[in-house]
Amino acid sequence: MLNISKNSKRVIVIIAMAIMVVLMLPTIVSSAYSVMIADDFSAGSMFKQGYTGLNYVKYYYNSWQGTYTGLGLIAILSPILHGGLKWLRIIAVINALALFISFAVLCDAIVAVVYKQKSVVIRALICLLSVYVFTAYNSYYEGIYWFTGMAVYTMPLIITMVALALFIKNSEKINIVYTVLISLLGFFGMGGSLIISGFGCYALMLLVLFFAIKEKKINYKHVFIFAVWVIGALVNVAAPGNYVRHDVADSSGIHPLSAIITSIKVYVSRIEWFNSNTSIWAVFMLMVLCGLLFYEAKGLSVKNIVFTLCAIVLLPFVAVFPVALGQGDNMPNRVLFVLDVSIILVLLVIALVVSDFIKKNVMTEDNTKLIITFMVFMIFTSMALDNFSYENNVSYKVAVELKDGVFQDYHSAVSKILVKLDTYEEGSDVVISTQEIPADIENYKNFYIDMDPADWVNVDMSNYYGFNTLRVE
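Residues numbered from 1 in each chain as written. Predicted model: local features only at pLDDT ≥ 70, side-chain atom pairs only at ≥ 80, totals over all residues. Heavy atoms only, no water.

> Whenever I open this one, the overall build of the chain confuses me. Can you help?
Helices and strands together make up the secondary structure of the chain, namely 21 helices and 2 strands. For 473 residues, the compact-globule estimate of 2.2 N^0.38 gives 23 Å, and the chain sits close to it at 24 Å. With respect to the three principal axes, the spread of C-alpha positions in the chain is 80 × 50 × 40 Å. For the chain, the residues scored as buried account for 54% of the 473 residues in total. A separation of at least 24 residues holds for 82% of the contacts in the chain among residues at least 6 apart in sequence. For the chain, the accessible surface area stands at approximately 21300 Å², while carbon and sulfur atoms represent 65% of it. The average position of the 31 basic charges and that of the 32 acidic charges among the side chains of the chain differ by 17 Å. (Helix = DSSP H or I, 4+ residues; strand = E, 2+ residues; numbered from the N terminus. Rg over C-alpha atoms; globule rule 2.2 N^0.38 Å. Buried < 20%, exposed > 50% of the residue type's maximum accessible area, 1.4 Å probe, protein only. Contact = heavy atoms within 4.5 Å. Areas by Shrake-Rupley, 256 points an atom, 1.4 Å probe, with all protein chains shown as cover. Lys, Arg positive; Asp, Glu negative; His and termini not counted. Charge placed at Lys NZ, Arg CZ, Asp CG, Glu CD.)

Spelled out as structure tokens, the structure:
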């Protein structure tokens, strides 16, 4: 481990934290300009028909999907019910802020507890690089700028990541309070999209096994927590609505083998996307370099290394499998959002394992400078080959859009449309001019009304407002 002064360590940590804030801030600020769209109005139409609270959850649980937590959050927090766009602004900002904080806290817990790193420097640098990957390559607009996506995907994912972090940090001496708290958080987390159920249950299973092997005994509180999470996932899976929805897409039945193949294809295609469109390998090597400089090697055995790598690389596959089973190869932005979180965690763990192995088995006083120089050379070579510049960075692009007023103007235009829709009488045949609909913007969940009044979005908006028809022309 590189020996540097306390003041130097403090400076590194402060700089890393400051960069993290800079990376996160554009998304957090831009989320304030979210607008209601599509399924948000579907919920509104259901509320008007009397399906509120638990009745809303029960209806959709039986007819469309098992995401009991997401449905509950929609029934409680929907901006359709409370304050419109002003309330949505508050929810969206808190949602984005909590997402980044919970992700960073989980990354820190893995580095600090699982890999026993007391140095704040390595923890801050690994968290920074993980947050960079999370913010640089994709806007994840369906989980950040769309209320329904927030409720069904982002918020349950936040709950799950917080629960995993709490489990890691309290695992060795977990008391009854944390046992109950983590169990409840996990149960609610498993009530999001099924990709979160797969992600959460498998990640927790790996942690339970890890601590059981480490302590050479089974901790029954850990087993209890895992059982509660699995029960939550099963409640989600068992929903009649899942099978109704599946029949709409594929009435031939459920095909597990096909889902396995699809999951592998989706996983591989996502890695290929990262490889072709991002600087992911440069960042991965930066993680390894940080490990070589600041990681306190523990000397993992070959057996532990093989087990860790084989187990962790399956995380994205297990996460996406329930989606592949229910929806085939349809992987919208909101699904890729959770899949990417699992991939980032896989890269983090592999980077730490590689760092540990090199420092314990390869590095010596004589070759340290050579290895560090080689890693720096490889990083710059990778950066030169991937052609990913700061202008490709999503955080940068969103910041530019904010500076130019793109998000603000779009939000203002949609607000005017929503205000106008409130002025029409019930039973009207409403026509919105195409000139009133703002042009789509990048890195955002765009508002739309179709030209066809029979389109489901138009129908649900008409039902919410009480119109006979609604269309654009």
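> Explain the nonpolar core here, please?
Side chains of nonpolar character tend, in soluble globular proteins, to be buried together. The biggest cluster of nonpolar side chains holds 163 residues, and the ones touching the most others in it are Ile195, Leu421 and Phe447. Considering every element that reaches this core, the biggest residue donor is helix H17 (residues 333–361), with 18 residues. Once residues lying within four places of it in the same chain are set aside, the contact partners of leucine 421 are Val430, Ile432, Met461, Tyr465, Phe467 and Leu470. (Core = buried A, V, L, I, M, F, W, Y, C linked by side-chain atoms within 4.5 Å.)

> What's the story with the pattern of salt bridges in this structure? I'm lost.
Between side chains of opposite charge, pairing is possible as soon as their charged atoms come close. Taken as a whole and assessed by the stated rule, the structure comprises 9 salt bridges. Close ionic contact of glutamate 142 with arginine 334 constitutes a salt bridge, the shortest N to O distance being 2.9 Å. Pair noted here: glutamate 142 is in helix H7 (residues 141–144) and arginine 334 is in helix H17, with a separation of 192 residues, a long-range link. For the pair glutamate 142 and arginine 334, a shared accessibility class is recorded, and that class is buried. Notably, a salt bridge pairs lysine 403 with aspartate 404, separated by 3.1 Å at the nearest N-O pair. A relative accessible area of 47% means that aspartate 404 is categorised as partly exposed. (Salt bridge = Lys/Arg side-chain N within 4 Å of Asp/Glu carboxyl O.)

> Would you mind showing me how to read H17 here?
Owing to its 3.6 residues per turn, the α-helix brings residues three or four apart onto one side. Its 29 residues give H17 an end-to-end C-alpha distance of 41 Å, which sits within 8% of 42 Å, the value for a rise of 1.5 Å per residue. Most of H17 sits out of view: 25 of its 29 residues are buried. (Expected span 1.5 Å × (residues − 1).)

> How should the packing of helix H2 (residues 39–48) against helix H21 (residues 456–465) be read in this particular structure?
For any two helices packed against each other, one specifies the inter-axial angle together with the distance between the axes. Where H2 meets H21, the axes come as close as 8 Å, and the angle between the chain directions of the two elements is 40°. Taken together, H2 and H21 sit at an angle that is classed as oblique. Considering the relative orientation of H2 and H21, their crossing is left-handed. Residue-level inspection shows Asp39, Phe41, Ser42, Gly44, Ser45 and Lys48 of H2 in contact with H21, the latter providing Trp456, Asp460, Met461, Asn463, Tyr464 and Tyr465. Grouping the constituent residues of the contact of H2 with H21 by class yields 5 nonpolar, 4 polar and 3 charged. (Axes fitted to C-alpha atoms, helices over the stretch in contact; angles between N-to-C directions. Parallel < 35°, antiparallel > 145°, perpendicular 65-115°, else oblique. Left-handed = near helix turned anticlockwise from the far one by under 90°. Nonpolar A, V, L, I, M, F, W, Y, C, P; charged D, E, K, R; others polar.)

> Would you mind showing me how to read the packing of aromatic side chains here?
Geometrically, a pair of aromatic rings is defined through the distance of the ring centres and the angle of the planes. Here the structure, examined in full by the defined rule, presents 29 aromatic pairs. On the numbers, 6.3 Å between centres and 40° between planes, the contact of phenylalanine 317 with phenylalanine 321 is tilted. Taken together, the residues span about one helical turn, with phenylalanine 317 and phenylalanine 321 both in helix H16 (residues 315–327) at a distance of 4 residues. On the basis of relative accessibility, which here comes to 18%, the residue phenylalanine 317 falls in the buried class. A residue is classified by how much of its surface remains accessible, and phenylalanine 321, at 24% relative accessible area, is partly exposed. Ring plane angle 75° and centroid distance 4.8 Å describe the contact between tyrosine 464 and tyrosine 465, whose orientation is recorded as edge-to-face. Judged by its relative accessible area of 16%, tyrosine 464 is buried. (Phe/Tyr/Trp six-rings, centres within 6.5 Å; stacked < 30°, edge-to-face > 60°.)

These values are about where atoms sit, not about what they do.
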